[in-house]
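Here is how the chains run, residue by residue.
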Amino acid sequence: MAYDQQFKILGIPPIVQELVAGGVQEPPGQYVVPEQDRPAAAVVSEMPEPIPVVDLSRLSSSANSVQEFAKLQSALENWGFFLAVGHGMESAFLGEAMEAARQFFQLPLEERQKCSNVVDGEKVSMDGYGNDMLVFENQILDWCDRLNLLVEPEPERNYSMWPTKPHTFRDILCQYTIRCRATANLILQNMAKVINLPEEYFVNMLGEKSFTQAIFNYYPQCPRPGHVLGLRPHTDGSLITINFIDAAVSGLQLQSNGAWYNVPIIPNALIVNIGDVMEVLSNGFFKSMVHRVVTNAEKERLSLVMLYTLEPEKEIEPLSELVDDDRPRRYIKIKNKDYIAKVYHTYANHGKLAIDTLKI
Ligand SMILES: O=C(O)CCC(=O)C(=O)O
Ligand SMILES: [Fe+2]
C-alpha cells in the first residue's frame, strides 16, 4: 500500500458538523451505538492510581532522571498511556496550533470541502477531510469529522490536501511536525532503555522514511451523547501516538481490565500512548490499550493526533532480542502496509481489534 491508496466505499456519510448545524435533535440511526456498547452502559471507574505525568525535560537532566524514568516506566507498564509535560512546546505555540485547527473547522462547508477525501464520488483517499469510512452495510459511524494529513516523510506530503485557510495552518503544522518529532524521539529513546535496547533503536528504526500522519479530530456537540461515540473503541496501529487535546473538553477514555477510565486533561500536556506496532516489536512487553472518545452535549471538542508508524514496506514482528525460551514469540510477522490495511478494515467492522489477529 502506498500512502495514496484509495478505499472503495459503500457511500459517503454526512459531515457530522452539518447535521448539528442543521439542528438535528436525534442522531440518525447510522450513528446510534447498540445499547450494550453505549457510553452510558459502562461504569466509568475511578483510577486506582492516576496516570503518571512525566516531565520529559527531567529525563535528560541527570539530577532527576532516575526518578522520572521510573515514572515513565510505571506509566508504560500499567497504563500504556502517560501525560507528558516539559516537552518544550510553549503554551502560546500549542494554543496557535489548536486555534488553526479550530479555524479550519469553522470555515464554511464549501471551503472545508476543498480538502475533501472523496475521490470520484465513490472512493476515499487516506489524506483529506471527511467522516468515517463507510465499508460495511450497517456500519455504525463515529460522531466525528476529521482531517488527515501525511506530514512525514516530507517529500510525500500532498499539499493539495492541506488547508490554505487559515493562512497560518501550513506553517504551524510544519513547525508542529518538527517539534513533535523531537518529542517522539526522546520518548522512543527512553522506551528503548526500558526494555534494555540501545537508546537509538526505535529512533533509527523510524528513520527518514517512516510515516507520520497528523489527524485533526473534530467532535461536534451531540444532542444525545449517551447514544453515540466520538470514536469507537480501538487501539492505534502506530508505533506510538502523541495526542494534543483541547484543554477545555475531556472525553478520551481508556479501557483496562474491562473497566473504562477517563483520561485526565492537563493544559499543555501531551497524551502519549503505545500503538500496536510497539506491542508487536516488544513481544507484548508494551501494551497497546483500547481507548474511545465520548461526546458532549454542550461543547464541541478538538484533538490533534500524531501517529508515528514505520515504513509501509517494513516487516513488523517481535524483536529477536526480546524472544527467548521464557518469552516465546507472541505475534506473527506482517508487512506494515498490510497491517495498516487490516487496522482500517477491522476498525470499520465494529467490535474487533486488528492486533488480535496477529496473536499466536
Ligand atoms: O480525540 C482523542 O482524544 C483521541 C483520538 C484518538 O484516539 C485517535 O485519533 O486515534
Ligand atoms: Fe486512538
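Here the structure is a predicted model, which is why all the values come from computation and not from measurement.

1. Here we look at the confidence of the model for the protein
- Confidence in the prediction for the protein averages 92 pLDDT; 99% of positions are at 70 or higher.
- For this predicted complex, the interface confidence reaches an ipTM of 0.99, while the overall pTM sits at 0.95.

2. Let's talk about the packing of aromatic side chains
- A full pass over the atoms with the stated rule returns 12 aromatic pairs.
- The structure contains a cluster of three or more aromatic residues connected by ring pairs, namely F104, F105, Y129, F169, F216 and Y218.
- The side chain of R170 reaches across the aromatic face of Y159, ending 3.9 Å from its centre.
- The ring centre of F69 lies 5.3 Å from the NZ or CZ of K193, which sits over that ring.

3. Focus on the sheet that holds strand β15 (residues 291-293)
- Strand order across the open sheet formed by 5 strands is β2-β13-β12-β15-β10, with mixed pairing between neighbours. Because the sheet does not close on itself, it has two edges, and the strands there are β2 (44-45) and β10 (231-234).
- Here 2 bridges tie β2 to strand β13 (residues 259-262), and the two strands are oriented parallel to one another. Each bridged residue has a counterpart across the sheet, and for V44 the counterpart in β13 is W260.

4. Describing the nonpolar core
- Counting residues in each nonpolar core, the largest one holds 75 residues, and the members touching the most others are F82, Y176, F202 and F216.
- Looking at this core, the element that brings in the most residues is helix α6 (residues 169-194), giving 12 residues.
- For F82, the residues in contact, after removing those within four places along its chain, are I51, P52, V54, L56, L72, A75, L76, I187, L270, I271 and V272.
- Within the second largest apolar cluster, 19 residues are counted, among which are A259, A269, I271 and V293.

5. As for the sheet that holds strand β9 (residues 211-219)
- Strand order in this open sheet of 8 strands is β3-β4-β14-β11-β16-β9-β8-β7, and the pairing throughout is mixed. The open sheet has two edge strands, β3 (53-55) and β7 (128-130), and neither has a second partner. On average, adjacent strands in this sheet sit at an angle of 25° to one another, irrespective of strand direction.
- As defined by bridge partners, β3 adjoins strand β4 (residues 81-85) across 3 bridges and the pair is classed as parallel.

Cut-offs and rules
- Residues numbered from 1 in each chain as written.
- Chains lettered and ligands numbered in written order.
- Predicted model: local features only at pLDDT ≥ 70, side-chain atom pairs only at ≥ 80, totals over all residues.
- Heavy atoms only, no water.
- pLDDT = per-residue confidence, 0-100.
- Phe/Tyr/Trp six-rings, centres within 6.5 Å; stacked < 30°, edge-to-face > 60°.
- Lys NZ or Arg CZ within 6 Å of the ring centre and 35° of its normal.
- Pairing = 2+ DSSP bridges.
- Helix = DSSP H or I, 4+ residues; strand = E, 2+ residues; numbered from the N terminus.
- Core = buried A, V, L, I, M, F, W, Y, C linked by side-chain atoms within 4.5 Å.
- Buried < 20%, exposed > 50% of the residue type's maximum accessible area, 1.4 Å probe, protein only.
- Contact = heavy atoms within 4.5 Å.
- Axes fitted to C-alpha atoms, helices over the stretch in contact; angles between N-to-C directions.

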